[in-house]
Amino acid sequence: MVTRLNPYLNFRDEARQALEFYHEGLGGTLDILSFGASGMADDPAVAELVMHGAVVSEIGLTLYAADTPPGMASSRMGNAISVALTSDQEDLRPYWGRLTQGAEIQMPFEIAPWGDRYGAFVDRFGVPWMFDQPGDA
């Protein structure tokens with residue numbers, strides 16, 4: 001049995017666009033289930049919103065996302081949590097290049113004073129990310 005801790009991002013109405021963007025950036029498979037397809041939408045305005053979506057990359061990364069339907073509490077991403085992508089085997093620079101399209105770069109992905117390649121950005125959907133790769137990788 002495998003236990004994993006995976007980010008699950010909540011959006012007001014951008015989950016589909018975000019998941020498609022993350023799929024382009026991370027590769028792998030994309031699965032999206034809308035509220036309408038699940039039979040959970042009486043309101044046509046909610047039918048196309050994402051009830052559950054997942055991007056599963058070839059290197060084992062899984063990122064989940066969903067929309068928060070109108071009437072349910074939702075909060076902005078803010079900076080309370082960041083999605084951290086770390087690896088001592090994969091070259092993370094291609095992922096950085098794709099996921100930073102339209103992002104606000106907070107720190108470029110380069111060798112940091114502690115020896116790792118490190119970078120941080122807020123993507124175009126407002127999600128904070130950190131990338132870290134050990135210096136010997």
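Up top is the structure these notes are about.
Let me sum up the structure you'll find in this document.

The rules we used
Residues numbered from 1 in each chain as written. Predicted model: local features only at pLDDT ≥ 70, side-chain atom pairs only at ≥ 80, totals over all residues. Heavy atoms only, no water. Helix = DSSP H or I, 4+ residues; strand = E, 2+ residues; numbered from the N terminus. Contact = heavy atoms within 4.5 Å. Expected span 1.5 Å × (residues − 1). Buried < 20%, exposed > 50% of the residue type's maximum accessible area, 1.4 Å probe, protein only. Arc of directions from axis to C-beta. Core = buried A, V, L, I, M, F, W, Y, C linked by side-chain atoms within 4.5 Å. Pairing = 2+ DSSP bridges. Axes fitted to C-alpha atoms, helices over the stretch in contact; angles between N-to-C directions.

## Thoughts on the side chain of Thr62
Line of reasoning, step 1. Here Thr62 lies in strand 4 (residues 62-67).
Line of reasoning, step 2. Setting aside residues up to four positions removed in sequence, Thr62 forms contacts with Asn6, Pro7, Val55 and Val56.

## Considerations on helix 1 (residues 15-26)
Line of reasoning, step 1. Compared with an ideal rise of 1.5 Å per residue, which puts 12 residues at 16 Å, helix 1 spans 16 Å between its outermost C-alpha atoms and is within 8% of the ideal.
Line of reasoning, step 2. Those residues of helix 1 that sit buried are Ala15, Ala18, Leu19, Phe21, Tyr22, Gly25 and Leu26. Along helix 1, the residues classed as buried sweep out an arc of 165° about the axis, all on the same side.
Line of reasoning, step 3. Gly27, located one to two residues past helix 1, shows a positive phi value of around 75°.

## Here's the deal with the nonpolar core
Line of reasoning, step 1. Among the nonpolar cores identified, the biggest contains 24 residues, and Leu9, Phe11, Tyr22, Leu99, Trp129 and Phe131 are the most heavily contacted of them.
Line of reasoning, step 2. Of all elements in the fold, only strand 1 (8-11), helix 1, strand 3 (50-56), strand 4, strand 5 (83-86), helix 3 (93-99) and strand 8 (128-133) reach the threshold of two or more residues within this core.
Line of reasoning, step 3. Apart from the residues within four sequence positions on either side, Phe131 is in contact with Leu85, Leu92, Tyr95, Trp96, Leu99, Phe109, Arg117, Tyr118, Gly119 and Phe121.

## What about the sheet that holds strand 6 (residues 104-111)?
Line of reasoning, step 1. A sheet is described by the order of its strands in space; here 4 strands give the open sequence 5-8-7-6, paired in mixed fashion. This sheet does not close on itself; its edge strands, each paired only once, are strand 5 and strand 6. Each adjacent strand pair in this sheet contributes to an overall mean axis angle of 10°, direction not counted.
Line of reasoning, step 2. Bridge count for strand 5 against strand 8 is 4 bridges, and the pairing is parallel. The residue of strand 8 that forms the bridge with Val83 is Trp129.

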